[in-house]
Structure formats: structure tokens, C-alpha cells
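The chain contents come next:
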Amino acid sequence: MVGDTRSRISWIPIAWTVACLLVLGVAFFAVSWPYVDVHNNLREATSWDWRQYVRYAFSRGIEYRPLLTLAIKAGYQLVGLNLWIYQLLVLAQLGAVLALLLWLFQPIGSRRGLAAALALSCVVGLHTSRIFFLFIPVNAYSAALLLLLLALVVALDPRALRYDWVLLPLTFVALFLLESSLLIIPLVVALWWRGAPGVSGRGVAAMLAALALYLGVRFAFGGPASLGSSYVGSGLGFSEATPESLRNTFEHAPWLFWTYNVIASVLTVLASEPRAGVYQFIASLLQGNTALWQWLHIGSSLMTTALIGAALYLYRPLSERDRFLRLAGFVLIVFGSGLGFLYARDRIALSAGIGYGLLLFVALTMTLDRLAVTTGRRRALVVGMVSVMAIAWHLRVAEAYAQLRDSAWDYHSEWTERYADLGGAQPQTELLKGLRADALRSVPSDPRRDPAWTFALFERRYSREDGAGRPPADAAADNAVPSVSSPFDIRWNETVDDTTRLHFEAELGLTDAQRVARDPRGRTWEYRLRTPTRERVRAIVLHPSVEDTARLDAQRFEIVQ
């Protein structure tokens, strides 16, 4: 029986996956280091010893990701600045995600094979999935998604019932890697409640024990995480909003803003609108400048959502496995969108996009199974609709290829014409020189010379007419996030020369150095602190070479506004 099952697995989605990885890999390996994030992360990783770095990793604020922080330092010490290794890891993670989805789909027969291939094209083509190719220098988003899918695999495999205690270490590691891994809890609990064959009450208890351990460590060692002070830049209506404007608008009713963000995360998957909380398509309609690629995004998503809704309403899944996949899809969309309550970003809906792909697979499977007994106009309508959907989603996969070409040029420009504006005038450390030399080793193709039709059909980062850059949807909101603290002063002791001071600045995470003119001895400098935490302020106050500070609370280790 096992041999028969394997022999009937469709080659269509397997071949599609291999071809997709090869094509996107060609574009991805032309992408160099992104300057700002990689340099900041590696500068911290190389400036602190392991004891200091571990304390820093476990003392972060509301974005509590200690394993990601430690993985950055471990990765650098293991492979250094070998860019291709980090790129290979990113591509391998994407391949593993697609492979796990194939395992979940069990594409036996041509119909399920076609449904699986189209569902995978939807997953890769969604704008929420572009985060798969981020590396700063590692990618925690796809790693966390892998663990989430592994938990789903465990829950659906009857052979895992004897070993479902593995959910304890799996959940524990996932939670410390990325906070979106909280999705594992409702996903596995819902599947267990509905009788999934691979998880028992023991497995659920193990998972909840991991959650309790995580919360204990998080609140015992992590920095303060007040929701009231968590406003960051986010889209609102037809434009981006700053943290200050959001705080002023929603100070007395933050739940309204949270509701807006959750709805935005749901709709960005179901309708490709809004983008990072901004209703770009509607705004373009009002202004009369809607691009063809916007119609492609909206049309493909609405058609897909309509098919999913109609199929799930009219038909019932034929197999128990598909019923569990349907449940998992709903859980991921609902709870995955709920993760974005603090602010709207395209990437936050990554897990919701995976749930969308699961629902599309189940809906297509049911639709194609009934196509054999469907005749006349209804059959022609179904075939036409599925064919148009397949073309639209493969065009969006092609857009992902174009986006990678744009990213390669964008990152190259960070090390060339935009280098000084982004802080390249700072002291040239060995790390910075190494990153830049590696990034400039080759010059990517200029995407602005691509055929004109690609700029109409695909969302691009550059304009073909004037070459102007168009940052991705998440960029405007990300740039509004306060990445550094308010300014404060440090007076170094008299033994600190300029070389030593630069070393201490890198070690402590200090930036925007300005000499304070009122100190005639020239030993007082104004700084801002990157990623301010109580542990990092404590390191400054107690540093043996710091003689005095201003605008720092030496008792509570906080920066005074």
C-alpha cells in the first residue's frame, strides 16, 4: 500500500517546486548584503563577548527574540562574511517550507497535483511572502514558519502520537526565535480538539508547559514591554502615520487601532489590499492612476478568495486530512492576522498567507474532483476561472523574480551612491570594510533597463522613466520606527583616547556621536543608543571608562526624555 501511494504521487508540484527554487535562486544570488541592518547587527555581535551578548539577547523589550540574536553571532563566528552561505541557507529554508507544504498536501493523482502546484504558486506569489528572502544576516521569519509547519506535520501524522512530547522543545525553541511562533498554540490545540491523529492531551500539555517556561523567562529577564508605549510607524487609511500621530489619535481607545491593524492583515491576504495598512489601490482609483499590476494583485486575490468561499460553502472535503487542512488554514488566517494588532506590515501576514494557501489547496481539490461530473457552461466557467487564476498567480511568482532583481540593485546602491547618506562616513572598521568589499565584488544588472512591459505588469522598486526608487510597502512604516533612543551625554575619563573611544562606542551600541562644546576638556560626547534596553543602559552607567553621564537615570537604568 505504501509503495502504491508513493508511485501515485504527482510529479507536477515537485517539478514546479524545483523550477521555482532554481529560477528565484538565480535572481537571489545576485543580491548582496543590505547595509544598515546587517552592519548594525554584526557590529553588536562582534563588539561584545558571549557573556555580554547573551545577557543582551535575553534582556530585549517587546520584540523578544533571543535565539535570533544569538544566531547572528553564532553564524558570524562559524562562517564569517561568506555571503553565499547565508544566501544558501535562506534558499534552503524556502525549499524546506515548500517541501513541508507538499507533505501536508499529499498530492496523489493529477488533480491533487495541479491543486498543490497552484496553491504553492499562490504562497510564493503573495506579497506577504517576500520576507522569505530577507537576511540580516539570517532569516528568522522562514525559520519560525518551518517550526510552525513541523508542528502541523506532527499533529497530522498518526506515527507521531507516541512522540508528541516533542512539541515541548519545538514550541520552546520557536517562541524564543520569533514571537509569531505563538501561532503554534492555537493551531495545535484546535487540531487536537477536532481529533487530529498525531497529537494527544500529553502533547498539548507539553506545548503549554513550553509556553509557561517561555513566559517565565520572558518576564524574569526581558526588558519592559508596555503596549501603551509601543506605537511605531504604521499605515492608516490612505497614508502612513507617525508614532506621535498614532499616539495622539488612539491614546484613549487603542483597541480601535488594534482592530484596524488586524482587519488590515486579514484583507491584505484575502484581497491584496491594504499594503502595510495603506489602501493604495483605492487611493490610486480616486487619483486616476491605477497601475496594471495593482489590478493583477486585486483581481487574482479576489478571484481566489471567491473560489475558496464558494467551494467551502458548496462542498465538503472528501478526506479527513483535507478537513484538518481546512481547519489549519482558518486558524492561521485568523490568529496569524491577530499577530499584527500593534502595527500593520505586509510581512506580519506571512503565516496568514500560508493558511490562505492551505485553504486554496482544499478548495481546488474539491472543485477539480467534482469537475468530472460537471458539464456545460458550469464546467467551462470552472475551467476558465481556474486557468485564469493559474496564469495570474504565476505572473505574481514572476514578479517575485523581478523584485529580487530590484533588491539586488537597491542593496548595491546602499554601498555606492547612498553610502554616505546612510552613515558610511563613520569610522571604517574592519567589519564595515569587509562587508563593503564583499558587496562590491560584483555589480548586479540594472533592473531599470528591463523591458517596459515588466514595469506595467509587475510591482517594481524603480521607475523606468526617471530611475527613481520606489521603496517597498513596509519601508515607509519601518523608517518611522524609532530605532535609537533620545540623546544623552557621556563624559569619558581622561585615559580614553579617540581610538579607545571608538571601540567603546561600538561595544556599547552608541551612535550619532557629537562632541559637547561646553566641556573645555573635550571629553563629553552626546550619543543615542541603538535598540535601547535597561541592560544596555546599565552597561553604560557601570562602564569603568565612563566618568559621568547626563540624561541617564543611574538608579533605574533608563534614558530620561
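Everything that follows concerns the structure shown earlier in this document.
Residues numbered from 1 in each chain as written. Predicted model: local features only at pLDDT ≥ 70, side-chain atom pairs only at ≥ 80, totals over all residues. Heavy atoms only, no water.

## Topic: the packing of aromatic side chains
Where we set the bar: Under the pairing criterion, centres of Phe, Tyr and Trp rings, with the six-membered ring standing for Trp, must be within 6.5 Å; the plane angle then separates stacked pairs below 30 degrees from edge-to-face pairs above 60, leaving the rest tilted. Helix and strand labels come from DSSP, where a helix needs a run of H or I of at least four residues and a strand needs a run of E of at least two; each type is numbered from the N terminus. For the exposure calls, accessible area comes from a 1.4 Å probe over protein chains only, and a residue counts as buried if that area is under 20% of its type's maximum, exposed if over 50%, partly exposed in between. Two limits define a charge over a ring: the Lys NZ or Arg CZ must be within 6 Å of the ring centre, and within 35 degrees of the ring normal.
According to the stated counting rule, one finds 23 aromatic pairs in the structure shown. Ring geometry for Trp33 versus Tyr86: centroids 5.3 Å apart, planes at 65 degrees, classification edge-to-face. Here the residue Trp33 occupies a position in the loop between helix 2 (12-28) and helix 3 (35-47), and Tyr86 occupies one in helix 6 (residues 83-105), the gap between them amounting to 53 residues. Residues Trp33 and Tyr86 agree in their burial class; the two are buried. One aromatic cluster is present, built from ring pairs that chain together Phe28, Phe29, Trp33, Tyr86, Phe133 and Phe135. One residue, Arg218, lies across the ring of Tyr64, its end atom 4.8 Å from the ring centre.

## A look at the sheet that holds strand 6 (residues 546-550)
For clarity, the cut-off: One bridge is not enough; two strands pair if DSSP finds at least two bridges between them. Only C-alpha atoms enter the line fits that serve as axes; for helices the fit covers just the stretch in contact. Angles between N-to-C directions range over 0 to 180 degrees.
Spatially, four strands are ordered 4-5-3-6 in an open sheet, and the strand pairing comes out antiparallel. Because the sheet does not close on itself, it has two edges, and the strands there are strand 4 (510-515) and strand 6. This sheet shows a mean twist of 30 degrees between the axes of neighbouring strands, independent of strand direction.

## Examining helix 10 (residues 184-193)
Structural remark: α-helix, 3.6 residues per turn; residues separated by three or four positions point the same way. Quick note on the threshold: In what follows, a contact means two residues having at least one pair of non-hydrogen atoms within 4.5 Å.
Extensive coverage of helix 10 is indicated by the burial of seven of its ten residues. Buried within helix 10 are the following residues: Ile184, Ile185, Pro186, Leu187, Val188, Ala190 and Leu191. Contact partners of the buried residues in helix 10: helix 8 (140-156), helix 9 (167-177), helix 11 (201-221) and helix 16 (320-338). Just beyond helix 10, the residue with positive phi is Gly195, at close to 85 degrees.

## A closer look at unusual backbone geometry
The step from Ile136 to Pro137 runs through a cis peptide bond, and the omega angle for that step is 0 degrees. Relative to the helices and strands, Pro137 resides in the loop between helix 7 (110-125) and helix 8. Here the amide bond leading from Glu273 into Pro274 is cis, since omega sits at 10 degrees, within 30 degrees of zero. Summarising the element assignment, Pro274 is placed in the loop between helix 13 (254-270) and helix 14 (280-287). Even without glycine at this site, Gln106 takes up a positive phi of about 50 degrees. Looking at where Gln106 falls in the secondary structure, it is placed in the loop between helix 6 and helix 7. A positive phi angle is found at Ala276, which is not glycine, with a value near 50 degrees. By secondary structure assignment, the location of Ala276 is in the loop between helix 13 and helix 14.

Everything listed here is a matter of geometry and, on its own, says nothing about what the molecule does.
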